[in-house]
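Per-entry structural report
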Amino acid sequence: MKFQVHASALAAALGLFFGSAAGGAWAASAAPQAHTHAPAANASATLQLDHGKKWAIDAPLAQAMANIRNDIAARLEDIHADRLPAAGYQALAKRVNGEVAYMVENCRLSPAADAQLHLVVADLLEGASAMENADGRHQPRAGAVTVIGALDSYARYFDDPGFTPIAH
């Protein structure tokens, strides 16, 4: 059975799956009907290194982030020139959401690394939502830029030697 993952449903699933402060905040903000006992996330949470070193990753995370990176890179010229049609942004959003769902299902990081990854995933979901729901409040190009920023953060804070940031 094939199904489509929307950013709000995925955020709720992340909150339930991770059961953490950040996941609980995603669930609370994206799906008000979801019930969580997790404390509210710190609004000023920022990515940090692991005692001066990048966070360890696993193969599923590396694969998902490489797939997102490659999908965005393939459309980068159209994004920069502001000529990617709405359907192109929606397709990118679907891919980002799918890769985040894959991460949720398959990644097994340390709790501290996982907490840091939540910050990157939040930006991925925010960007996907803007790309998916182009309207007066959401600008798909800005969503793509948010995803690119999340990819840059991933490269800066996670030890993935095979990952090449997008040159932009």
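As the structure is a prediction and not an experimental result, all values here were calculated from the model.

**As for the side chain of Glu99**
Along the chain, Glu99 turns up in helix α5 (residues 86–106). A polar side-chain atom of Glu99 sits 3.2 Å from a polar atom in the side chain of Asn67. Not counting the four nearest positions on each side in its chain, Glu99 is found in contact with Ala64, Asn67 and Ile68.

**Section: helix α3 (residues 59–74)**
Since the α-helix packs 3.6 residues into each turn, any two residues three or four apart lie on the same face. An ideal rise of 1.5 Å per residue puts 22 Å on 16 residues; α3 measures up with 22 Å between its terminal C-alpha atoms. Inspection of α3 places Pro60, Leu61, Ala62, Ala64, Met65, Asn67, Ile68, Arg69 and Ile72 among the buried residues, and these make up the whole buried set. Buried residues belonging to α3 abut α4 (76–80), α5, α6 (111–132) and α7 (140–157). Of the residues flanking the start of α3, the one acting as N-cap is Asp58, its side-chain oxygen 3.1 Å from the backbone nitrogen of Leu61.

**Considering the packing of aromatic side chains**
Evaluated as defined, the whole model comprises two aromatic pairs. Consider the rings of Tyr154 and Phe163, whose centres lie 5.0 Å apart with planes at 80°: the pair is edge-to-face. Comparing Tyr154 with Phe163, the two get one shared label, buried. Joined through ring pairs, the aromatic side chains of Tyr154, Phe158 and Phe163 make up one cluster.

**Things to note about the pattern of salt bridges**
Here the structure, examined in full by the defined rule, presents five salt bridges. Salt-bridge contacts for Asp78 lead to Arg75; the nearest nitrogen and oxygen are separated by 3.9 Å. Classification of Asp78 by relative accessible area gives partly exposed; the value is 21%. Look at Arg75 and you get partly exposed, because its relative accessible area is 29%. Here Arg95 and Glu99 are joined by a salt bridge, their closest N and O atoms 3.8 Å apart. One end of the pair is Arg95 and the other is Glu99, both in helix α5 and four residues apart, which spans about a single turn. Taken together, the salt bridges that share partners define one network made up of Arg75, Glu77, Asp78 and Arg83.

**Remarks on the confidence of the model for the protein chain**
Confidence along the protein chain averages 80 in pLDDT terms, with 71% of residues attaining 70 or more. The weakest mean pLDDT in the protein chain belongs to helix α2 (residues 21–30) at 38; the strongest belongs to α3 at 98. Note on residues 1–43: pLDDT is under 50 here. Beyond four places in sequence and across chains, it has 61 contacts.

**Observations concerning α5**
When the terminal C-alpha atoms of α5 are compared, their 30 Å separation across 21 residues agrees well with the 30 Å that a helix rising 1.5 Å per residue should span. Among the residues of α5, Gly88, Tyr89, Leu92, Ala93, Val96, Asn97, Glu99, Val100, Met103 and Val104 are the ones counted as buried.

**Description of unusual backbone geometry**
Non-glycine residue His51 carries a positive phi angle of around 55°. With respect to the secondary-structure elements, His51 resides in the loop between α2 and α3. Positioned with a positive phi, Asp82 is a non-glycine residue whose angle comes to about 55°. By the element assignment, Asp82 lies in the loop between α4 and α5. For Asp82, a relative accessible area of 53% puts it in the exposed group.

What counts and what doesn't
- Residues numbered from 1 in each chain as written.
- Predicted model: local features only at pLDDT ≥ 70, side-chain atom pairs only at ≥ 80, totals over all residues.
- Heavy atoms only, no water.
- Helix = DSSP H or I, 4+ residues; strand = E, 2+ residues; numbered from the N terminus.
- Polar contact = N/O pair within 3.5 Å; in protein donor to acceptor, adjacent residues only side chain to side chain.
- Contact = heavy atoms within 4.5 Å.
- Expected span 1.5 Å × (residues − 1).
- Buried < 20%, exposed > 50% of the residue type's maximum accessible area, 1.4 Å probe, protein only.
- Phe/Tyr/Trp six-rings, centres within 6.5 Å; stacked < 30°, edge-to-face > 60°.
- Salt bridge = Lys/Arg side-chain N within 4 Å of Asp/Glu carboxyl O.
- pLDDT = per-residue confidence, 0-100.

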